[in-house]
Amino acid sequence: MNRRRTGAQYEEQAARWLQERGFRIEERNYRCPLGEIDLIARDDPYLVFVEVKYRSDGRSGDPSEAVDGRKRRRICRAAAFYCKERRIPEDCPCRFDVVSVLGKELRHIRNAFECEG
């Protein structure tokens, strides 16, 4: 299976898991000139930007470790672009979560990182 298809499969799994826990998925695979966000959801009162990472096994470490500083900055820039583009009020609380899928185990890390500025 190619990487894009594999990624889409695990993003769908993460979206279903989040929905089962009360999240409302607003957008999938949001792309803009500044980056890409796997899932954008509502977990009232938060607007949640979700990065989904998958690894078949732990040989390369935990999937969440792949969300490094460079990746976080790209997500933050894309989130700011999204908020401006969609006219999200500046006082809307936002959160950045990571869904880590290791083999068959899914782990949700709430507020995995914060954006500077």
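Residues numbered from 1 in each chain as written. Predicted model: local features only at pLDDT ≥ 70, side-chain atom pairs only at ≥ 80, totals over all residues. Heavy atoms only, no water.

(A) Local environment of a positive patch on the surface. Together, R70, R72, R73, R74 and R77 make up a positively charged patch on the protein surface. As for its placement among the helices and strands, R77 is situated in helix α2 (residues 69–85). The exposure class of R77 is partly exposed, given its relative accessible area of 41%. (Patch = residues over 30% accessible without salt bridge, like charges linked within 9 Å, V, L, I, M, F, W, Y side chains within 5 Å. Areas by Shrake-Rupley, 256 points an atom, 1.4 Å probe, with all protein chains shown as cover. Salt bridge = Lys/Arg side-chain N within 4 Å of Asp/Glu carboxyl O. Lys, Arg positive; Asp, Glu negative; His and termini not counted. Charge placed at Lys NZ, Arg CZ, Asp CG, Glu CD. Helix = DSSP H or I, 4+ residues; strand = E, 2+ residues; numbered from the N terminus. Buried < 20%, exposed > 50% of the residue type's maximum accessible area, 1.4 Å probe, protein only.)

(B) Representation of the sheet that holds strand β1 (residues 24–32) within the structure. The five strands lie next to each other as β1-β2-β3-β4-β5, forming an open sheet whose pairing is mixed. Of all strands in the sheet, those with a lone pairing partner are β1 and β5 (105–113), marking the two edges. Sheet twist, expressed as the mean angle between neighbouring strand axes with direction ignored, is 30°. Where strand β4 (residues 94–102) and β5 come together, six bridges link them in antiparallel fashion. (Pairing = 2+ DSSP bridges. Axes fitted to C-alpha atoms, helices over the stretch in contact; angles between N-to-C directions.)

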